[in-house]
Amino acid sequence: MFVLAMRSIRQRPGRFLATLLSAFLGAVIIMTFNSMHDTAGQPGVDPTSAETLSTAAGVVGGYGTLLVFFAIASTLTVNVRQRTAEMELLRCSGATPAQIKRMVVGEAVAVALVGAALAVGPAMFGGRALLDVFRDSGQVARSVDHSFGPVAFQSGAGITLLAAAGAAFLAVRRATGGSRRRGRARTVLAYAALVAGAVSVTSTFAFSATDAALMAPPAYGAILLSVGCALMAPRLLAGVLDRLPLGGASGWLAVRNLRERAGQLAGILMSLILFTAVATATLTMQAVESDAVAASGAVKSVDAKNLETLNFTVVGIIVVFVCVMLVNSLYAATTYRKREFGQQRLAGATPGQVLGVVGAEGLVLTVTGVCFGTLAALAGIVPFTVVRTDAVLPDQAFGVWLAVVAVAAAVTLGTGLATARRVLRTPAVRAVASAA
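Here the structure is a predicted model, which means the values were calculated and not measured.

Engineer: What's the story with the overall build of the protein chain in this structure? I'm lost.
Structural biologist: On a plain count of helices and strands, the protein chain comes out with 16 helices and zero strands. In the protein chain, buried positions account for 49% of the 436 residues. Sequence-distant contacts, at least 24 apart, represent 84% of the contacts inside the protein chain between residues at least 6 apart.

Engineer: Just checking my understanding: could you explain empty space enclosed by the protein for this structure?
Structural biologist: Think of a ball as big as a water molecule: rolled over the atoms, this probe shows where empty space is left. By the definition in use, this model includes one cavity of 30 Å³ or more. Roughly 140 Å³ of internal volume is contained in the largest cavity. Lining the largest cavity are 17 residues, and of these Leu330, Thr334, Arg337, Val358 and Glu361 sit closest to its centre. Put simply, the parts of the chain that give the lining of the largest cavity at least two residues each are helix 12 (302–335), helix 14 (351–389) and helix 15 (396–423). Broken down by element, the lining of the largest cavity gets its largest block of residues, five residues, from helix 14. Along the lines of polarity and charge, the residues of the lining of the largest cavity split into nine nonpolar, five polar and three charged.

Engineer: Help me understand unusual backbone geometry, please; the structure alone is not making it clear to me.
Structural biologist: Outside of glycine, negative phi angles account for most residues, and trans bonds account for most peptide bonds. In this structure, Asp390 takes a positive phi of about 70 degrees despite not being glycine. One can find Asp390 in the loop between helix 14 and helix 15. A relative accessible area of 71% places Asp390 in the exposed class.

Engineer: Could you clarify how one ought to interpret helix 13 (residues 338–346) in this entry?
Structural biologist: Each turn of an α-helix holds 3.6 residues, which means side chains three or four residues apart point in the same direction. Taken together, the buried positions of helix 13 are occupied by Phe341, Gly342 and Gln344. All buried residues of helix 13 fall inside an arc of 160 degrees around its axis, so they share one side. Of the residues trailing helix 13, Gly348 is marked for its positive phi of about 120 degrees.

Engineer: In this structure, what is going on with the environment of Thr77? I would like to understand it.
Structural biologist: Looking at the element boundaries, Thr77 is found in helix 3 (residues 47–82). As for Thr77 and Ala167, which are separated by 90 residues in sequence, their C-alpha atoms are 8.1 Å apart.

Engineer: I tried to follow the pattern of salt bridges on my own but got confused; where do I start?
Structural biologist: Pairs can form between side chains of opposite charge whenever their charged atoms are close. Overall, the coordinates contain three salt bridges when judged by the stated rule. A salt bridge links Arg142 to Asp136; its shortest N-O distance comes to 3.0 Å. Notably, a salt bridge pairs Arg388 with Glu289, separated by 2.8 Å at the nearest N-O pair. Pair noted here: Arg388 is in helix 14 and Glu289 is in helix 11 (residues 266–296), with a separation of 99 residues, a long-range link. Overall, the relative accessible area of 18% leaves Arg388 in the buried class. By relative accessible area, which is 21% here, Glu289 ends up partly exposed.

Engineer: Please clarify how the packing of helix 8 (residues 216–231) against helix 11 should be interpreted in this entry.
Structural biologist: Two quantities define a packed helix pair, namely the angle between the axes and the distance from one axis to the other. The geometry of helix 8 relative to helix 11 is characterised by a closest axis approach of 9 Å and an angle of 165 degrees between their N-to-C directions. On the basis of the axis angle, helix 8 is roughly antiparallel to helix 11. You can see that helix 8 and helix 11 cross each other, and the crossing is right-handed. For the pair helix 8 and helix 11, contact is made by Pro218, Ala219, Ala222, Ile223, Ser226, Val227, Cys229 and Ala230 and by Met270, Ile273, Leu274, Ala277, Val278, Ala281 and Met285, respectively. Among the residues forming the contact of helix 8 with helix 11, the class breakdown is 14 nonpolar, one polar and no charged.

Engineer: Any chance you could explain the packing of helix 8 against helix 9 (residues 233–242) here in plain terms?
Structural biologist: Where helix 8 meets helix 9, the axes come as close as 5 Å, and the angle between the chain directions of the two elements is 70 degrees. Looking at the two axes, helix 8 sits roughly perpendicular to helix 9. Contacts between helix 8 and helix 9 pair Cys229, Ala230 and Leu231 from the former with Ala233, Pro234 and Leu236 from the latter. Residues belonging to the contact of helix 8 with helix 9 are distributed by class as follows: six nonpolar, no polar and no charged.

Parameters at a glance
Residues numbered from 1 in each chain as written. Predicted model: local features only at pLDDT ≥ 70, side-chain atom pairs only at ≥ 80, totals over all residues. Heavy atoms only, no water. Helix = DSSP H or I, 4+ residues; strand = E, 2+ residues; numbered from the N terminus. Buried < 20%, exposed > 50% of the residue type's maximum accessible area, 1.4 Å probe, protein only. Contact = heavy atoms within 4.5 Å. 1 Å grid on protein atoms, 1.4 Å probe; cavity = no way out; pocket = protein on both sides within 12 Å on 5 of 7 lines; lining within 4 Å. Points joined across faces, edges and corners; volume = space filled by probe spheres on them. Nonpolar A, V, L, I, M, F, W, Y, C, P; charged D, E, K, R; others polar. Arc of directions from axis to C-beta. Salt bridge = Lys/Arg side-chain N within 4 Å of Asp/Glu carboxyl O. Axes fitted to C-alpha atoms, helices over the stretch in contact; angles between N-to-C directions. Parallel < 35°, antiparallel > 145°, perpendicular 65-115°, else oblique. Left-handed = near helix turned anticlockwise from the far one by under 90°.

Note that every value here comes from positions in space, so none of it alone points to a role or purpose.
Below, the structure is given as structure tokens:
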């Protein structure tokens, strides 16, 4: 099966580019931040600098691990789903489900290994740039030099390979069976995340306005609530579609397509919910905190500067990864519909009408993801603002929310429509024949 996996990669390398890009970016981020552990462990580094570097590596390294897994999983899920006919042929030829799983996992590990190897150079430059940020802000002493050592390399390569293997195993398991058990497990995890998020958000009121850890409970609560909503993405989308008053041929067809493909589109909706919630909550709460400190005339401590740097860094990482996940998933999913678009055009639909359906689908996904992501973000923002400033909703929230929504809409609608326009360049008859 390993030989078959290598042959599959050599014959059709284009199908693995999305996975390679996700693995490469994930390894770069993990290696970049874990190189701070190597830097902090050098002889002569003062305790304050070492704590700053270790905290940055620990916090962002944890987020990076989760994001790498989600990014690779989203691309592999689409990849495996599009190869259903190929896997069925292998089974008819005598291959067992276990052999097919080993083949897919072998492909994913090989691609991830290449991505991790390519990430070493950029991660070295990224680590130096990150250390310069800490030194320029006074959080790390000027005498500290960057070090890229075994912690950075081993964690980056190891986490990327494990994430690829785990994501591939889950993706092929979905395609070969076990959907009912997976559905129950997802429901249990979703409710557990929602309950834990609600408890974390509620605990915000146990803190005072001057507590250094005030931002932690609402921030983690918003993240957990968004994870719970993301895990329930297929059910949420189905509920929205049942109440959606879209008229016209394009609207009716968009709702019908989304209803039939709700499970397949769950990854896209999950990305939108997580992005909206985490980015809106983190940036808004950080803006409230910064304005409150400035209004009091106090000077930010080293810990406060560390937290601010980490918040902006985490949001930046999430933006990059979510954009990659959305672009990869939407591109693959839309390209896979070449035959469907060809059939619609042979039935009398114009290219403009097909684009209208794709645009309506993207709009529904964007609005649904933004709405539930916003609810999760507000659940963290409101308690934090009440405790920190005695207000209910901060003035900064609307501007941050608009910026987040603009990015989400531009990526979702732009990728979907651009890919569909590219697919429609193929004549309808050829599209149906080539995809048959």
